[in-house]
Amino acid sequence: LIPLVELTSGDKTDPGLLQLAYDFYQSIGKEAVLLRRECPGFIANRMQHALWREAISIVEHGIADAATVDEAVRYSFGLRLPQLGPMENADMVGTDLTYNIHDYILRDLEDSHEPSPLLRQLRDEGKIGFKTGEGFQKWTPDQVAQSNAELNEYLIRMLYGK
């Protein structure tokens, strides 16, 4: 269901082969993007886990509970993300405003280079989310099924208008 395909090349990759792969994925309806250089996690996973790191930190430090963090994303900037990426958004509000916000907020954001102790604790206690019925929150089998179904329905509706 996810349309993104991230493509990168190595030192010995034929540029024609990379273009062939790009053209192929575009031709079957995927959104192919070319990385200028390879990096761990590529683009999307790096961005996703940077957000997750901050979300987990907010819960870990008692700022808000997990459900509240999810609501804050769903009902604020998360609404814009399918249409407005972070770089375009920064240009829209102005790089001057973006700079000013970064100047005061970045020092307070999570910058750990290790997994959260809370995440480690949950894993070690066997609280691994939907698979066990408890992670950051408790989940009944019906709630798990509903979440999965709603996600699939949302993705199909957003991507294919069905």
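See above for the structure.
As a starting point, this report considers the structure included with it.

The rules we used
- Residues numbered from 1 in each chain as written.
- Predicted model: local features only at pLDDT ≥ 70, side-chain atom pairs only at ≥ 80, totals over all residues.
- Heavy atoms only, no water.
- Patch = residues over 30% accessible without salt bridge, like charges linked within 9 Å, V, L, I, M, F, W, Y side chains within 5 Å.
- Areas by Shrake-Rupley, 256 points an atom, 1.4 Å probe, with all protein chains shown as cover.
- Salt bridge = Lys/Arg side-chain N within 4 Å of Asp/Glu carboxyl O.
- Helix = DSSP H or I, 4+ residues; strand = E, 2+ residues; numbered from the N terminus.
- Buried < 20%, exposed > 50% of the residue type's maximum accessible area, 1.4 Å probe, protein only.

## Focus: a nonpolar patch on the surface
- On the surface, Leu1, Ile2, Leu4, Leu151, Tyr154, Ile156, Met158, Leu159 and Tyr160 cluster together into a nonpolar patch covering about 820 Å² of accessible area.
- Per-element tally for the nonpolar patch: the top contributor is helix H8 (residues 141-160), with 6 residues.
- Looking at the element boundaries, Leu4 is found in strand S1 (residues 4-7).
- Of the residues examined, Leu4 reaches a relative accessible area of 35% and is grouped as partly exposed.

## Here we look at the pattern of salt bridges
- In the structure shown here, the tally under the stated rule is 3 salt bridges.
- Where Lys127 meets Glu125, a salt bridge forms, and the shortest distance between an N and an O atom there is 3.3 Å.
- Owing to a relative accessible area of 43%, Glu125 belongs among the partly exposed residues under this scheme.
- Residues participating in the shared-partner salt-bridge network are Glu125, Lys127 and Glu134.

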